[in-house]
Amino acid sequence: MKAKKKIYPRIYTGELTENGKRIRKRLPPVQTKKQALKARKDYYSKERKPGKNTRFYIYCDYWLERKVFKEDSSREMYNMVIKKHIKPFFGDKEIGSIKKFDVEKFKKKLLDEKHFSTHYINMIITVLRQLFNDAWKNDFILSPPTKALEIFKYKKKDINIPSYDECLRIANILKNSEKYKFPLLFGWYAGLRRGEALGVRWEDINLKENVINVSQQIVVEAGRIVCKPPKRDEIRTVPIAAPLRAELVKVPIEERKGLVYRNIRSKNPRAFNDYFRKYIKPQIGIKRFHDFRHINISKLLSSPSVSIDMIKNMAGHSSINTTTQIYGHKTSEEINKIRDTLNEKLG
């Protein structure tokens, strides 16, 4: 009679080698698979010791190799944050020795950097939280030191919505712009995002029905300018306002091919930002191109004839809350109405 083959349960110790490979350990032999499962369960519940000897920088590389990213730009962002901010601070420490105090100290260091925005700090904290949560789930630490670490709440930007006369003045300046004329007008009249405004093609424009099909955006990925679908891959239709149509029909028919803005050298979104900051901002007093989108949506929200759901779909927002809470700014006309009502009712 043949002797039963022994089963050696294997467990992960929660440590990594210098090459970033997980270290496994063999437990005493058992007779059945059921006994093997019980042995592994007992080890993890009683005898497990987290991999305190694993260096933090090794775990960072191990985590990035396994993490699944939907887009290459996300992978680049995570790599940049870890390489530029997280590794230099925690680097050679043992991952099991990092405590809540160390994480708070790291957060304080970020806050001391005056040129870091709230959004940028939240991005770094989010990456750090995901990293430690993964280490906890894979038995490298007993509990994540980032458990109580909170991100900053988004503070709504205070944007002054211009009056009708002021809007006319701004529109005339944009129409006479020597460079980036149509991307600027797409932002002002259609509320398109920067990459979407640069990526509009003539084939996306229907002058008979007066609509633009927003089907792509121009972005920078890995140092290269590329065309990709709009945010959340949602192709949407945006109406063309009469002043914008008047400028589009001035373009000769034989030139209506490819991108509306065809200057290859200056279609880099960052170059567009520099131009706006240097030449447009001083003339109109609006700080960012993205504020055009806020103004456009705020004007639509102040109109009772346009439903909020229609505005949400046109803007390409995933939630009505985004449309109303973040983009809903009071216009000067609305403020004057409120003031007149108070004067009338309260004497």
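Just so you know, these numbers come straight off a predicted model, no measurement behind them. Numbering of residues starts from 1 in every chain and runs along the sequence as written. It should be noted that, the model being predicted, local features are given only for residues of pLDDT at least 70 and side-chain atom pairs only at 80 or more, the latter also being counted only at that level, while totals for whole chains, interfaces and linings use all residues. The side-chain numbers reported here are obtained from all heavy atoms of the structure, hydrogens and water having been left aside.

K.L.:
Explain the side chain of Asp-204 to me, using residue names and the numbers behind them.
P.N.:
What counts as a helix is a DSSP run of H or I of at least four residues, what counts as a strand is a run of E of at least two, and both are numbered from the N terminus. Within the secondary structure layout, Asp-204 lies in the loop between helix H8 (194-198) and strand S3 (205-206). Only protein chains enter the accessibility calculation, which uses a 1.4 Å probe; a residue is then buried when its area is under 20% of its type maximum, exposed when over 50%, and partly exposed in between. Of the residues examined, Asp-204 reaches a relative accessible area of 6% and is grouped as buried. Contacts are assigned to residue pairs with any non-hydrogen atoms lying within 4.5 Å of each other. Once you skip the residues sitting within four places of it in the chain, Asp-204 turns out to touch Gly-199, Val-211, Ile-212, Asn-213 and Ser-215.

K.L.:
Pulling in residues and values, what's your account of the packing of aromatic side chains?
P.N.:
Working definition: a ring pair exists when centres of Phe, Tyr or Trp rings (six-membered ring for Trp) sit within 6.5 Å. Plane angles under 30 degrees give stacked, over 60 give edge-to-face, the rest tilted. For the structure shown, the criterion picks out 22 aromatic pairs. Geometrically, the ring pair formed by Phe-90 and Phe-132 is edge-to-face, given 6.3 Å between the ring centres and 80 degrees between the ring planes. Of this pair, Phe-90 sits in helix H3 (residues 72-90) while Phe-132 sits in helix H5 (residues 118-137), placing them 42 residues apart in sequence. Per residue, the accessibility class of Phe-90 equals that of Phe-132, and both read buried. Through pairs of rings, three or more aromatic residues link up here, namely Tyr-180, Trp-188, Tyr-261, Phe-272, Tyr-275, Phe-276, Tyr-279, Phe-289 and Phe-292. The ring of Tyr-8 is capped by Arg-26, whose NZ or CZ atom sits 4.1 Å from the centre of that ring. Counting as a charge over the ring demands two things of the Lys NZ or Arg CZ atom: a distance within 6 Å of the ring centre and an angle within 35 degrees of the ring normal.

K.L.:
Account for the sheet that holds strand S4 (residues 211-214), with residues named and values stated.
P.N.:
Pairing is antiparallel across the open sheet formed by three strands, whose spatial order is S3-S4-S7. Edge positions in the sheet fall to S3 and strand S7 (236-239), since each of these pairs with one other strand and no more. Strand pairing requires that DSSP identify at least two bridges connecting the strands. Sheet topology places S3 next to S4; two bridges connect them, and they run antiparallel. Residue pairing for S4: Asn-206 is matched across the bridge by Val-211.

K.L.:
Mind laying out the side chain of Glu-196, listing which residues take part and the relevant values?
P.N.:
Relative to the helices and strands, Glu-196 resides in helix H8. Polar contact is defined as a pair of N or O atoms within 3.5 Å, subject to the rule that within protein one atom must be able to donate a hydrogen and the other to accept it, and that residues adjacent in sequence are counted only when both atoms are side-chain atoms. A distance of 2.8 Å separates polar atoms of two side chains, one belonging to Glu-196 and the other to Arg-193. Not counting residues within four places of it along the chain, the set of residues in contact with Glu-196 comprises Val-214, Gln-216, Gln-217, Pro-230, Lys-231 and Arg-236.

K.L.:
Go over the pattern of salt bridges with me, naming the residues and quoting the values.
P.N.:
Close approach of charged atoms allows side chains of opposite charge to pair. Whenever a carboxyl oxygen of Asp or Glu lies within 4 Å of a side-chain nitrogen of Lys or Arg, that contact is scored as a salt bridge. Within the structure shown, the criterion is met by 13 salt bridges. Here Glu-196 makes a salt bridge to Arg-236, at a shortest N to O gap of 2.8 Å. Of the two residues, Glu-196 is situated in helix H8 and Arg-236 in strand S7; the sequence distance between them amounts to 40 residues. Here Glu-196 matches Arg-236 in class, with each residue buried. Arg-288 is the salt-bridge partner of Asp-291, the closest N and O atoms lying 2.8 Å from each other. Among the residues examined, Asp-291 registers a relative accessible area of 7% and is labelled buried. Judged by relative accessible area, Arg-288 falls into the partly exposed class, the value being 29%.

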